[in-house]
Amino acid sequence: MKIIFDCDPGHDDIFALCALLAHPELFDLLGCTTVAGNQTVEKVTDNLLRVLSYLHHKVDVSIGSPCSLDGRTFVQPVAHGESGMDGPKLPESNFSVTGLDAVEWIYQTIFDQSSPVTIVATGPLTNIANLLSHYPSIKSRIERIAIMGGSLYSGNITSQAEFNIYVDPLAAKIVFDSGIPITMSGLEVCHQAMILHSEIERFNTKGKASKLTYELLEFYSRFAKHLGQPGSPLFDLCPVVELLYPHLFTSVDLFVDVETQGELTCGKTVGDVRGWADKSKVNAKVLVDVDRQAFIDVFVENAGMLDKEG
Ligand code: BDR
Ligand code: CA
């Protein structure tokens, strides 16, 4: 499966990256693109380059949008720290970016492939919306967009909206309206895909990737502890594990739209959950549940596989 990974690392974005790198038998990672989200685009790109260099995985990295389609920036240092990936102290990267803007790089890369590409998007959808707006003919070459974002019921950054969609609702609307098959890992499934605080010790080993994961989780879990939660939702890992092991998940096919105006609901994904909804409008496979224990085992195994690479 040919993959482009669009992200804003971000602790959990790195868990998703490790899952992609740990499974070369399934994933052909063509490259990564970055977008402003958890932190500025400069910071999240630096985080990504440091991790790739530390793990000795050289893949193309291209810098994307520094702000949402309407020009806003909104970062969240509370959950991810001032760097966007506080915790591990990784050396500066030996790698650099391609020099192409993310949208140009994605377009060129998809265009060069002989078969369709799957996009995994774990940040605000600004780059993907720009791609679809500037190059609408690319749609037929995109197999699926696997998104972490949105929710059917309550939000996290506001009472109604999930962070990635809230940051750029106009972009999210373009993506959900695109007609490209979408898998949506919203808050419902992500809150099931939770690592309990006691389970973090499973990564306390000498392996390189496990050590990195452990240090990321130590910082990342502080926020959930502060909220009084028994563990941390592994948001961005969900879309990648679903591509690997779809049988672990329960999903519903729905028509999902995005609220871009509402005074109280801006950035909310609105899923038509009515049993009698018009099925011809369905645009998303929405994940709603997961076998939590199996999911955590996959998370631990991913790091173990990368550890073996040395
Ligand atoms: C999403 O927001 C970010 O904090 C995470 O990386 C994830 O993509 C969860 O709402
Ligand atoms: Ca993210």
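The structure this text deals with has already been given above.
Quick summary incoming for the structure in this document.

Calculation rules
- Sequence order sets the numbering: in each chain, residues are counted from 1 along the sequence as written.
- Chain letters start at A and ligand numbers start at 1, both assigned in the order the entries are written.
- Totals for whole chains, interfaces and linings use every residue, but because this is a predicted model, local features are given only for residues with pLDDT of at least 70 and side-chain atom pairs only at 80 or more, for both listing and counting.
- To get the side-chain values, take all heavy atoms of the structure and skip hydrogens and water.
- Only runs of H or I of at least four residues qualify as helices and only runs of E of at least two qualify as strands under DSSP, and these elements are numbered from the N terminus.
- Radius of gyration: C-alpha atoms only; globule rule: 2.2 Å multiplied by the number of residues to the exponent 0.38.
- We call a residue buried when its accessible area falls under 20% of the maximum for its residue type, exposed when it is over 50%, and partly exposed in between, using a 1.4 Å probe and counting protein chains only.
- Surface exposure here means Shrake-Rupley accessible area, sampled with a 1.4 Å probe, where a residue is shielded only by the protein chains that are shown.
- The positive count covers Lys and Arg only, the negative count covers Asp and Glu only, and His and the chain ends enter neither.
- Positions of charges follow a simple convention, taking NZ of Lys, CZ of Arg, CG of Asp or CD of Glu.
- Salt bridge, as used here: a side-chain nitrogen of Lys or Arg that lies within 4 Å of a carboxyl oxygen of Asp or Glu.
- We define a polar contact as two N or O atoms separated by no more than 3.5 Å, with the added condition that, inside protein, one atom must be a possible hydrogen donor and the other a possible acceptor, whereas residues neighbouring each other in sequence contribute only through side-chain atom pairs.
- Any two residues whose heavy atoms approach within 4.5 Å are treated as being in contact.
- Multiplying 1.5 Å by the helix residue count minus one yields the expected span of that helix.
- The residues that make up patches have over 30% relative accessible area and no salt bridge, and they are joined within 9 Å when like-charged or within 5 Å when they are Val, Leu, Ile, Met, Phe, Trp or Tyr.
- The near set for a molecule or strand comprises every residue that places at least one heavy atom within 4 Å of it.
- Donor criterion used throughout: N, O or S atom within 2.8 Å of the metal, extended to 3.2 Å for Na, K and Ca. Water excluded; incomplete-looking sites may result.

What follows concerns the overall build of the protein chain. Counting secondary structure elements, the protein chain contains eleven helices and twelve strands. What you see for the protein chain is a C-alpha radius of gyration of 18 Å, in line with the 19 Å of a compact globule of 310 residues. The C-alpha extent of the protein chain, read off along each of the three principal axes, is 50 × 45 × 35 Å. For the protein chain, buried positions account for 57% of its 310 residues. On the protein chain, roughly 12,500 Å² of surface is accessible, and the fraction owed to carbon and sulfur atoms is 53%. Computing the positive centroid from 23 side-chain charges and the negative centroid from 39, the protein chain places the two 2 Å apart.

Below, the discussion takes up the side chain of Asp8. Inspection of the secondary structure puts Asp8 in the loop between strand E1 (2–7) and helix H1 (11–22). Here Asp8 occupies a buried position and makes no salt bridge, while the nearest side chain of opposite charge, Lys43, is found at 13 Å. Polar contacts involving the side chain of Asp8 include one to the main-chain amide nitrogen of Asn38, which spans 2.8 Å. The contact partners of Asp8, leaving out residues within four places of it in the chain, are Asp13, Val35, Gly37, Asn38, Val44, Thr122, Gly123, Pro124, Phe163 and Asn164.

Here helix H11 (residues 292–308) contains 17 residues, and its C-alpha end-to-end distance of 25 Å stays within 8% of the 24 Å for a straight helix at 1.5 Å per residue. Three or more residues of H11 are buried, namely Ala294, Phe295, Ile296, Val298, Phe299, Val300, Asn302, Ala303, Leu306 and Asp307.

Taken together, the side chains of Leu69, Leu170 and Ile174 present a nonpolar region at the surface, about 200 Å² in accessible area. Residue placement: Leu170 occurs in helix H7 (residues 169–176). For Leu170, a relative accessible area of 38% translates into the label partly exposed.

This part is about the site of ligand 1. Near ligand 1 there are 13 residues, and of these Asp12, Gln76, His80, Glu162 and Asp236 occur at the shortest range. At 2.9 Å, a side-chain N or O of Asn38 approaches an oxygen atom of ligand 1. Within the side chain of Glu162, a nitrogen or oxygen atom sits 2.4 Å from an oxygen atom of ligand 1. Within the complex, the protein chains bury 98% of what would otherwise be the 280 Å² of accessible surface of ligand 1.

For the rest of this paragraph, the subject is helix H4 (residues 102–112). If you check which residues of H4 are buried, you get Ala102, Val103, Trp105, Ile106, Tyr107, Thr109 and Ile110. In this structure, the buried residues of H4 make contact with E1, strand E2 (28–34), strand E3 (61–63), strand E4 (117–121), helix H5 (126–134) and strand E5 (142–148).

Attention now goes to unusual backbone geometry. A cis amide bond links Pro9 with the next residue in sequence, Gly10, at an omega value of -10 degrees. Within the fold, Gly10 resides in the loop between E1 and H1. Here the phi dihedral of His56 falls at roughly 60 degrees; this positive angle occurs in a residue that is not glycine. As for its position among the elements, His56 is in the loop between helix H2 (41–54) and E3. On the basis of relative accessible area, His56 is assigned to the exposed category, the value being 57%.

Bringing the coordination of the calcium ion (ligand 2) into the picture now. Donor atoms from the polypeptide that bind the calcium ion (ligand 2) are Asp8 (OD), Asp13 (OD), Asp13 (OD), Thr122 (O) and Asp236 (OD), placed at 2.3 to 2.6 Å. Written as a sequence motif, the donor arrangement for the calcium ion (ligand 2) is D-x4-D-x108-T-x113-D. Of this pair, Asp13 sits in helix H1 while Thr122 sits in the loop between E4 and H5, and the two are 109 residues apart along the sequence. The same class applies to Asp13 and to Thr122, which are both buried.

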